[in-house]
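The primary structure of each chain is shown beneath.
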Amino acid sequence: FWYYYADIFVEAVQYGNRKELCDLLQSLESDHLWPDRLKKLSDFGRTHGAAPETYAFKEVRKLEVNTTITFGRPWNYQFCSSLAYFNTPARFAPLRWKNMGVEYWRRYCSKSFNYPIFPNTFHTNSQYAGTRVQNYTSNVFFTNGGEDPWQWAAIRYAVGKNVESDLVDFSGAGHCVDLGPVTDSDPAVLQECRNEILKA
């Protein structure tokens, strides 16, 4: 419950929909009933990257492929086995429930896959070079959206031998905004980035 509702906000901002989220929150001010507010938030989440099904254990634990839920189980496996991108509460002004610390995620991962699984981040960083990726790669073009919170965990500037980077910054430039074909309706900075990707 807490994970899902917090992610509605996180996913909206992460994928460049902060304006739509703000509009929704302003519209909720007139709703005095919490069930109505939660329903509207859930409806918004469903259309902005946070479908409730992707957070339900019964769905995450299923082994059969569900084409309507595209990332629940695979993404959970990635962060439970390798990445450790757990959303733990900050010490001051937390956006996550106070009980969602590391032990919460340890239980979450084990319950999701029905066996004890937890990432060894030291191994993952060693295997993929962590923050020293520029020492082990060449001919790579990294891109980030200016409003993507994950940009701070990525390469944001050119480093090393043929390791380029582009920060695409415009209103709505969220996570993965650069992944797509060049279109005339794109902001000029996004068109330039997508053309650079094609050349790389």
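Up top you'll find the structure we're talking about.
This text gives an overview of the structure that appears in the document. (Residues numbered from 1 in each chain as written. Predicted model: local features only at pLDDT ≥ 70, side-chain atom pairs only at ≥ 80, totals over all residues. Heavy atoms only, no water.)

1. Considering the environment of P149
Consideration 1: The residue P149 is located in the loop between strand 1 (140-145) and strand 2 (163-168) in this model.
Consideration 2: On the basis of relative accessibility, which here comes to 40%, the residue P149 falls in the partly exposed class. (Helix = DSSP H or I, 4+ residues; strand = E, 2+ residues; numbered from the N terminus. Buried < 20%, exposed > 50% of the residue type's maximum accessible area, 1.4 Å probe, protein only.)

2. Observations concerning the environment of R37
Consideration 1: Tracing the chain through its elements places R37 in helix 3 (residues 34-47).
Consideration 2: Residues R37 and S27 lie 10 residues apart in sequence; the distance between their C-alpha atoms is 9.5 Å.
Consideration 3: For R37, the side chain forms a polar contact with the main-chain oxygen of L28, separated by 3.4 Å. (Polar contact = N/O pair within 3.5 Å; in protein donor to acceptor, adjacent residues only side chain to side chain.)

3. A word on the pattern of salt bridges
Consideration 1: Taken as a whole, this structure holds eight salt bridges when the rule is applied.
Consideration 2: A salt bridge links D7 to R96; its shortest N-O distance comes to 2.6 Å. Taken as a pair, D7 in helix 1 (residues 2-14) and R96 in the loop between helix 5 (72-83) and helix 6 (102-113) lie far apart in primary sequence, 89 residues in all. Just as D7 is buried, R96 falls in that class too. (Salt bridge = Lys/Arg side-chain N within 4 Å of Asp/Glu carboxyl O.)

4. As for a nonpolar patch on the surface
Consideration 1: On the surface, a nonpolar cluster with roughly 370 Å² of combined accessible area is contributed by F1, W2 and W97.
Consideration 2: Assignment of secondary structure puts W2 in helix 1. (Patch = residues over 30% accessible without salt bridge, like charges linked within 9 Å, V, L, I, M, F, W, Y side chains within 5 Å. Areas by Shrake-Rupley, 256 points an atom, 1.4 Å probe, with all protein chains shown as cover.)

5. Points about unusual backbone geometry
Consideration 1: A positive phi is found at A84, a non-glycine position, where the angle reads about 60°.
Consideration 2: Within the secondary structure, A84 is located in the loop between helix 5 and helix 6.

6. Focus on the nonpolar core
Consideration 1: If you look at the biggest cluster of nonpolar residues, it comprises 23 residues, and the most contacted ones within it are Y3, I8, F79, C80, W105, Y108 and C109.
Consideration 2: Mapped onto this core, the elements with two or more residues apiece are helix 1, helix 2 (18-28), helix 3, helix 5 and helix 6.
Consideration 3: Filtering out sequence-adjacent residues up to four positions away, I8 remains in contact with L41, S42, F44, G45 and A50.
Consideration 4: Counting six residues, the second largest nonpolar core, distinct from the first, contains V168, F170, V177 and L190. (Core = buried A, V, L, I, M, F, W, Y, C linked by side-chain atoms within 4.5 Å. Contact = heavy atoms within 4.5 Å.)

7. Description of the state of the cysteines
Consideration 1: One pass over the full model with this rule turns up one disulfide.
Consideration 2: The disulfide bridge from C80 ends at C109, spanning 2.1 Å between sulfur atoms. Here C80 and C109 share a disulfide; its torsion about the S-S bond, -80°, makes the bridge left-handed. Here the residue C80 occupies a position in helix 5, and C109 occupies one in helix 6, the gap between them amounting to 29 residues. Across this residue pair, the class does not change: C80 and C109 are buried.
Consideration 3: Free of any disulfide, C176 has its nearest neighbouring cysteine sulfur in C193, separated by 12 Å.
Consideration 4: The exposure class of C176 is partly exposed, given its relative accessible area of 35%. (Disulfide = S-S within 2.5 Å.)

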